[in-house]
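Commentary on secondary and tertiary structure
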Amino acid sequence: MNLANLTPQKFLDEHWQKKLLLIRQAFENFTPPLDPDELAGLACEEEVESRLVIQHPDVSPEWTVRQGPFTAKDFAALPPTHWTLLVQDVDKHVPECADLLDHFRFLPDWRIDDLMISYAAPSGSVGPHIDAYDVFLLQGLGERHWQLDPLPESTAEVADIDLKLLDNFTSKEDYILSPGDMLYLPPGVAHHGVAQNDCMTLSVGFRAPSHAEMLADFAGWLAAKADPDARYEDPCLALDEAEGGQISSHARDTIRTTLRSYMQIDDAEMDRWFGCFITEPKPWLVTSPAEQPVEPAELIAALRAGRTLHRSSYSRIHFIAKAGGALLFCDGEAFDLDEAVSPVAPLLAWQRRLTASELGNALANDAFASLLTDFYNRGKYYFDNE
């Protein structure tokens, strides 16, 4: 991948979360990893998140949004122009699309969210809008006209529609993107893309959890640690606390002391929470158990016989190095690895395929062999040809 002849470090210094970048021929001779018919086929599957955005020029309401899954009849009934099909998490369903994301791994893995692919008929669009996260927009087929406003004066949205469209959009820059061209947009850039012909665009989006999301999840983490039977107590209640319907200073002190006691959490425990939070899969992207569960000895024997373990595209694995080992996170759970096997944590987090030679002596560790077998039996890994 070409970053407009910038090194990854220079891109991070000058553009990441700072300013947009147009990259002509980021991918030379680019061909999308799936065609429009295959994309439509994905949108017909129950476990795939998809939607259709249809614009009705000169009609009110101008925009309609329909959620998938769809059928062949749905697509046959579409007008010849002014509609867009969007399919989320294509990288989770098509291995070749997951491989495309490897080009963006100079950015932290935990920040990469998904590859969304859209197909638009001529004049198809999802309207002018602002994303709250970084995105790379790679042109796959046809041409798309992008209008941009890096510093919009207003972020007011159109009311009473299912799309977050800007009510007052003014273009300050515009570009026509052809296959292989790519735009990088930091959060907050207003953009409006319109298909010039039959058009496919691949969008690499990044995770940027809101403060509200993190606080809500962290509060749930704290609540789960609380004794469910512990309740408010006031054995030293004074008679004057009942006067006039007040909430007394003594009661307020008790409540503040109680709640603050749960907030005395150290960095290691907060790290454990965040690793679980950021690897939690979307509810519809949960792995299915292996059809035939195995014992650790069977799993190790298969690896040593030359078979390769593949990580499920649904699974997220990251780790945090710590003194005396590592903390491994997989799909919302935390696992402590001791110092003897902690060197395999980067392998599990970085590689999508594992062999016996790569895992080395860790396979002789009973605790790690049991953990890897548990991952296999829960569908987080599978063997080649399964």
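Notes on the structure in this doc start here. (Residues numbered from 1 in each chain as written. Predicted model: local features only at pLDDT ≥ 70, side-chain atom pairs only at ≥ 80, totals over all residues. Heavy atoms only, no water.)

Take the overall build of the protein chain next. Summing up its helical and strand segments, the protein chain has twelve helices and 18 strands in all. Principal axes of the C-alpha set define a box for the protein chain whose edges measure 75 × 75 × 45 Å. Counting all 386 residues of the protein chain, 44% fall into the buried class. Restricting to contacts in the protein chain with at least 6 residues of sequence separation, those with at least 24 account for 77%. (Helix = DSSP H or I, 4+ residues; strand = E, 2+ residues; numbered from the N terminus. Buried < 20%, exposed > 50% of the residue type's maximum accessible area, 1.4 Å probe, protein only. Contact = heavy atoms within 4.5 Å.)

Reading across the sheet, the four strands line up as β6-β11-β8-β9 and stay open at both edges, with antiparallel pairing between neighbours. With one partner strand each, in any of the chains shown, β6 (129-130) and β9 (173-177) form the two edges of the open sheet. (Pairing = 2+ DSSP bridges.)

Moving on, we get to a negative patch on the surface. A cluster of like negative charges, contributed by Asp35, Asp37, Glu38 and Glu96, occupies part of the molecular surface. Note that Asp35 resides in the loop between β1 (21-23) and α2 (36-42). Among the residues examined, Asp35 registers a relative accessible area of 36% and is labelled partly exposed. (Patch = residues over 30% accessible without salt bridge, like charges linked within 9 Å, V, L, I, M, F, W, Y side chains within 5 Å. Areas by Shrake-Rupley, 256 points an atom, 1.4 Å probe, with all protein chains shown as cover. Salt bridge = Lys/Arg side-chain N within 4 Å of Asp/Glu carboxyl O. Lys, Arg positive; Asp, Glu negative; His and termini not counted. Charge placed at Lys NZ, Arg CZ, Asp CG, Glu CD.)

To continue, consider the packing of helix α6 (residues 211-225) against helix α8 (residues 267-279). Relative orientation of the contacting elements α6 and α8 amounts to 120 degrees, with a least axis distance of 11 Å. Of the possible angle classes, the one that applies to α6 and α8 is oblique. Along this stretch, α6 crosses α8, giving a crossing that reads as right-handed. For the pair α6 and α8, contact is made by Glu213, Met214, Asp217, Phe218, Trp221 and Lys225 and by Glu269, Met270, Arg272, Trp273, Phe274, Cys276 and Phe277, respectively. Across the contact of α6 with α8, the residue classes break down as eight nonpolar, no polar and five charged. (Axes fitted to C-alpha atoms, helices over the stretch in contact; angles between N-to-C directions. Parallel < 35°, antiparallel > 145°, perpendicular 65-115°, else oblique. Left-handed = near helix turned anticlockwise from the far one by under 90°. Nonpolar A, V, L, I, M, F, W, Y, C, P; charged D, E, K, R; others polar.)

Take the nonpolar core next. Nonpolar side chains tend toward joint burial in soluble globular proteins. Leu39, Leu85, Val90, Ile117 and Phe136 are the most contacted members of the largest nonpolar core, which totals 42 residues. Grouped together as the second largest cluster of nonpolar side chains are 32 residues, Leu328, Ala345, Leu348 and Ala369 included. (Core = buried A, V, L, I, M, F, W, Y, C linked by side-chain atoms within 4.5 Å.)

What the three strands build is an open sheet, ordered β14-β15-β16; its pairing is antiparallel. A strand with exactly one partner marks an edge of an open sheet, and here the two such strands are β14 (317-322) and β16 (333-338). Strand-to-strand, the axes of this sheet are offset by a mean angle of 25 degrees, without reference to chain direction. Here six bridges tie strand β15 (residues 325-330) to β16, and the two strands are oriented antiparallel to one another. The partner of Leu328 across the bridge, within β16, is Phe335. Contacting β14, β15 and β16, α8 crosses the sheet at an angle of about 30 degrees to β15.

Let us look at the side chain of His129. Locating His129 in the fold gives a position in strand β6. Separated by 2.9 Å, the side chain of His129 and the backbone oxygen of Gly127 make a polar contact. Once residues within four sequence positions are removed from consideration, His129 is found in contact with Lys164, Leu166, Val189, Ala190 and His191. (Polar contact = N/O pair within 3.5 Å; in protein donor to acceptor, adjacent residues only side chain to side chain.)

Structurally, Pro108 can be placed in the loop between α5 (95-100) and β5 (112-120). Judged by relative accessible area, which is 41%, Pro108 ranks as partly exposed. On a C-alpha basis, the gap between Pro108 and Phe206 in space is 9.7 Å, while along the polypeptide they are 98 residues apart.

Buried residues dominate strand β2 (residues 50-55), accounting for five of its six residues. As defined by bridge partners, β2 adjoins strand β4 (residues 83-87) across five bridges and the pair is classed as antiparallel. Paired with Ser50 across the bridge in β4 is Val87. In the sheet, β2 pairs with strand β3 (residues 63-67) via five bridges, with the strands oriented antiparallel. The residue of β3 that forms the bridge with Gln55 is Trp63.

Looking now at a nonpolar patch on the surface. A cluster of nonpolar side chains, namely Tyr232, Ile255, Leu259, Tyr262 and Met263, defines an oily patch on the protein surface of about 480 Å² accessible area. Note on placement: Leu259 falls in helix α7 (residues 249-262). The class for Leu259 is partly exposed, based on a relative accessible area of 47%.

Here we take up the environment of Val65. One can find Val65 in strand β3. C-alpha separation for the pair Val65 and Phe335, spaced 270 residues apart in sequence, amounts to 41 Å. Those residues in contact with Val65, other than ones at most four positions away along the chain, are Arg51, Leu52, Val53, Asp162 and Leu163.

Counted according to the given criterion, the structure contains 21 salt bridges. Residue Lys225 pairs with Glu269 through a salt bridge whose shortest N-O separation is 3.3 Å. In this pair, Lys225 is assigned in helix α6 and Glu269 in helix α8, connecting sequence segments 44 residues apart. Among the residues examined, Lys225 registers a relative accessible area of 48% and is labelled partly exposed.

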